[in-house]
Number of protein chains: 2
Amino acid sequence: MHESSDEHILEHILADNNELAEHNREHFDKNGTLALNFMSAPGAGKTSLLEKSLTQMPKGYRYSVIEGDMVGELDALRLRKAGVEVFQISTGRACHLDARMVARLLHDKSIEQSDCVFIENVGNLVCPAEFPLGEHKRIVLLSITEGDDKPLKYPVIFRNCDVVVFTKCDLLPFVNFDLVAADGYIKNLNPAVKTFAISVTTGQGLDQWMRWLKAEVEKNRNA
Amino acid sequence: MHESSDEHILEHILADNNELAEHNREHFDKNGTLALNFMSAPGAGKTSLLEKSLTQMPKGYRYSVIEGDMVGELDALRLRKAGVEVFQISTGRACHLDARMVARLLHDKSIEQSDCVFIENVGNLVCPAEFPLGEHKRIVLLSITEGDDKPLKYPVIFRNCDVVVFTKCDLLPFVNFDLVAADGYIKNLNPAVKTFAISVTTGQGLDQWMRWLKAEVEKNRNA
C-alpha cells in the first residue's frame, strides 16, 4: 500500500476490488468450486505445500491452481508436474494478486469444472491481506525461520485469515522460534483461526493439515 | 505496487518520490552522512544484522537508525539497546518506506550529526525496490531458508542494489539452497553487485561484511 497515494484513491481501489471479489465468489459458488487463497512472505513454502498437498488430495475431484508471480513461471512448472492445470498470472510490478486478475480466468473451462482452486498469491506479508480475490478460505504460511515476532509486526494478514500454517518445522531445533508464543500472538489477533505446524521435508504435521483440507473440499462438494 | 492504480498515477507517485529522494540525498551529502537502505523479505534478519554490526562499528563516529515497520516498535527497542538513537517510522498500511517519510526526520540533530544512518525498510521484496529514499547504498538480505530461486522471482530488487547479504548460512546444511547458483542468478541481473554469505548466529562471514561496511563509512568521512 503506498502512503503517497491519496487516501481517497486507495479507498476507491479497495472498494472496487471488494466488489469484484464478491462477483468472483458468486462464480465459484455457482460452480461448486472451493477457492483457497495461500499467502505468505517470499520463500515460506507455499509452492512446496501445494505440491505435497496435490499428491494427497482425494481422487474423483478436479483441482486447478492459479499462480501469482511478478515474473516467470518457475512455480507453475513445479506444480504442473503434480498433474493439475496451472494458470500463471504475471503481476509485473504489482505486489499482490487482485480480484480483477482472478476474474479474467473464471470462464475458463478447467476453472469452472474444478472442485477446488488453489490460489498462490505473490510472496508478500502486507498487501495481499487487503485484496480479497473471492476466496472462501485464506491460508497464511509462516516459516519458523522468519521469527516468532512476525504476527506482531504484520498483524493485518494474521487477523484476516482462517488458517495459519507454521512451515519448515524441521528447522525448529536450529533457530530461536517459540512456537507456543507465536501461536498465542496469532490467536490473540484472531481467536477463531486454526493453526498447523508442519514440515514438508520430514512430513511432520501433514496429516492434520491434509485432514482439514480434505474435509473442506468434501464439505463444499456436499453443500 | 497496485495494478489497479492508474499507470499514470503510479508514474506520478514514483516521479515525486525520486525527486524527494534526490533532495534527501543532498541533505545527507551536505552533512557528510552515509545513508544505507536495508531491504529484504520479512524475517531475513535485517534487525539482527544491524544489532551485530552496530556493536562492531569503529569508535569516534556517530550512528543512527531509521526503523520502518507497519506497526509497533519491536525492532527499535532491540536496536536502542545497541546504544544508538533509533527513529521509528510506523507505515500503517504502507508496505515500504518512501522518501517523504524519511524527509521528515532530516532536520533532527541526531540524524544531521550522524556519520552513518542505517535505514531498515519494511520487510518486503517487491515495493521498496522502486522507492529510493536518498540512500547512497542499497543492501538486500536474502535468507538462505527462502530458497535459491528468489532472485529469479523478485528480480527488480536484486537488480537495483549494491550489496546482497545471504543470511542464516548456519542453516545451509539443513536446507536445499545452492549458494553458487543463487550468487550466479544475482550477478546475472546485476554484474556490479557485491555479495556476502554470513550467519549472525555463528559469526561466519561477518568479518568480510564488516570490512566492507567500515570502509564505506571511512571513505564517506574522508570524501
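The preceding data block contains the structure.
Residues numbered from 1 in each chain as written. Chains lettered and ligands numbered in written order. Predicted model: local features only at pLDDT ≥ 70, side-chain atom pairs only at ≥ 80, totals over all residues. Heavy atoms only, no water.

A. Up close: the relation of the copies chain B and chain A. The operation relating chain B to chain A is a screw motion whose rotation component is 180°, with 0.0 Å of axial translation and a residual RMSD of 0.0 Å. The superposition operator between the copies reduces to a two-fold rotation axis. A shared binding surface is used by both copies, with 100% of the interface residues of chain B retained as interface residues in chain A. (Least-squares fit on C-alpha atoms with pLDDT ≥ 70 in both. Contact = heavy atoms within 4.5 Å.)

B. Spatial organisation of helix α1 (residues 7–30) of chain A. Residues and elements named next belong to chain A. Taking 1.5 Å of rise per residue, the 24 residues of α1 would be expected to cover 34 Å, and the 35 Å separating its terminal C-alpha atoms lies within 8% of that figure. Here α1 has its buried residues at Leu10, Ile13, Leu14, Asn17, Ala21, Asn24, His27 and Phe28. Looking at the packing, one finds that the buried side of α1 touches β1 (34–40), α4 (99–103), α5 (109–112) and β4 (116–120). Positioned one or two residues after α1, Gly32 has a phi angle of 70°, which is positive. (Helix = DSSP H or I, 4+ residues; strand = E, 2+ residues; numbered from the N terminus. Expected span 1.5 Å × (residues − 1). Buried < 20%, exposed > 50% of the residue type's maximum accessible area, 1.4 Å probe, protein only.)

C. Here's a closer look at the pairing of strand β6 (residues 163–167) of chain A. Residue and element names in this part refer to chain A. Of all 5 residues that make up β6, 5 are buried, and the element is covered over most of its length. Side-chain alternation along β6 places Val163, Val165 and Thr167 on one buried face and Val164 and Phe166 on a second face that is also buried. Inspection of the sheet shows strand β5 (residues 137–143) paired to β6 by 5 bridges, in the parallel sense. Its bridge partner lying in β6, Leu142 is registered against Phe166. Pairing geometry for β6 and strand β7 (residues 194–197), over 4 bridges, is parallel. Bridge pairing links Val164 to Thr195 in β7. (Pairing = 2+ DSSP bridges.)

D. Just the interface of chain B and chain A, in detail. Each side of the interface is counted separately: chain B has 50 residues, and chain A has 50 residues. With both chains or domains summed, chain B and chain A bury close to 4200 Å², and 58% of this area falls on carbon and sulfur atoms. One can count 8 salt bridges joining chain B with chain A. Its salt-bridge partner being Lys153(A), residue Asp75(B) comes within 2.5 Å of it at the nearest N-O pair. One can count 13 residue pairs in polar contact (both at pLDDT 80 or more) joining chain B with chain A. At the level of elements, α1 (7–30), α3 (74–80), α4 (99–103), α6 (150–153) and α7 (155–159) of chain B are the ones that each hand at least two residues to the side of chain B that touches chain A. For the side of chain B that touches chain A, a count of residues per class yields 25 nonpolar, 8 polar and 17 charged. (Buried area = accessible area lost by both parts, 1.4 Å probe. Salt bridge = Lys/Arg side-chain N within 4 Å of Asp/Glu carboxyl O. Polar contact = N/O pair within 3.5 Å; in protein donor to acceptor, adjacent residues only side chain to side chain. Nonpolar A, V, L, I, M, F, W, Y, C, P; charged D, E, K, R; others polar.)

E. Inspection of the packing of helix α2 (residues 46–55) of chain A against helix α9 (residues 206–221) of chain A at higher detail. Residue and element names in this part refer to chain A. Viewed as axis vectors pointing N to C, α2 and α9 meet at an angle of 70°, and their least axial separation amounts to 11 Å. If you check the angle between α2 and α9, you find them roughly perpendicular. Residues Leu49, Lys52 and Ser53 of α2 touch α9, and the partners they reach there are Leu206, Trp209, Met210 and Leu213. Across the contact of α2 with α9, the residue classes tally to 5 nonpolar, 1 polar and 1 charged. (Axes fitted to C-alpha atoms, helices over the stretch in contact; angles between N-to-C directions. Parallel < 35°, antiparallel > 145°, perpendicular 65-115°, else oblique.)

F. Expanded view of the state of the cysteines. Residue and element names in this part refer to chain A. Counted under the stated rule, the structure contains 0 disulfides over all chains. Of the cysteine sulfurs around Cys127, a residue in no disulfide, the closest is that of Cys95, at 3.5 Å. Note on Cys127: relative accessible area 0%, which makes it buried. The thiol of Cys161 is not disulfide-bonded; the next cysteine sulfur, from Cys169, is found 16 Å away. A relative accessible area of 7% means that Cys161 is categorised as buried. (Disulfide = S-S within 2.5 Å.)

G. Region of the structure containing the sheet that holds strand β3 (residues 85–90) of chain B. Residue and element names in this part refer to chain B. Across the sheet, 7 strands lie side by side as β3-β2-β4-β1-β5-β6-β7; this open sheet has parallel pairing. The open sheet has two free edges, formed respectively by β3 and β7 (194–197), since each of these has just one partner strand. Adjacent strand axes in the sheet meet at a mean angle of 20°, parallel and antiparallel pairs treated alike. Sheet analysis places strand β1 (residues 34–40) next to strand β5 (residues 137–143), joined by 5 bridges and oriented parallel. When the sheet's bridge partners are listed, Asn37 is paired in β5 with Arg138. In this fold helix α9 (residues 206–221) packs onto β1, β2 (63–69), β4 (116–120), β5, β6 (163–167) and β7, with an angle of close to 145° to the strand it touches most, β1.

H. Summary view of the side chain of Ser53(B). Residue and element names in this part refer to chain B. Note that Ser53 resides in helix α2 (residues 46–55). For Ser53, a relative accessible area of 1% gives the class buried. If we ignore the near neighbours within four places in the chain, the residues touching Ser53 are Trp209, Met210 and Leu213.

I. Broad picture of the packing of aromatic side chains. In this structure the tally under the stated criterion is 16 aromatic pairs over all chains. Between Phe196(A) and Trp209(A), the aromatic rings sit 5.9 Å apart at their centres with planes inclined by 80°, giving edge-to-face as the arrangement. Of this pair, Phe196(A) sits in strand β7 while Trp209(A) sits in helix α9; the two residues are 13 residues apart in sequence, bridging distant segments of the chain. Each member of the pair, Phe196(A) as well as Trp209(A), carries the same accessibility label: buried. Members of the aromatic cluster, each reached through a chain of ring pairs, are Phe38(B), Tyr61(B), Tyr63(B), Phe118(B), Phe196(B), Trp209(B) and Trp212(B). The aromatic ring of Tyr61(A) is capped on one face by Arg221(A), whose charged end is 4.2 Å from the ring centroid. (Phe/Tyr/Trp six-rings, centres within 6.5 Å; stacked < 30°, edge-to-face > 60°. Lys NZ or Arg CZ within 6 Å of the ring centre and 35° of its normal.)

J. Broad picture of the environment of Tyr154(A). Along the chain, the position of Tyr154(A) falls in the loop between α6 (150–153) and α7 (155–159). Residue classification places Tyr154(A) among the buried residues on the basis of a relative accessible area of 3%. Remark: the alpha-carbon pair of Tyr154(A) and Ile198(A), spanning 44 residues in sequence, is separated by 21 Å. Excluding residues within four positions of it along the chain, Tyr154(A) makes contact with Leu125(A), Val126(A), Pro42(B), Met70(B), Val122(B) and Gly123(B). A polar side-chain atom of Tyr154(A) sits 3.1 Å from the main-chain amide nitrogen of Gly123(B).

The values are spatial; any link to function lies outside them.
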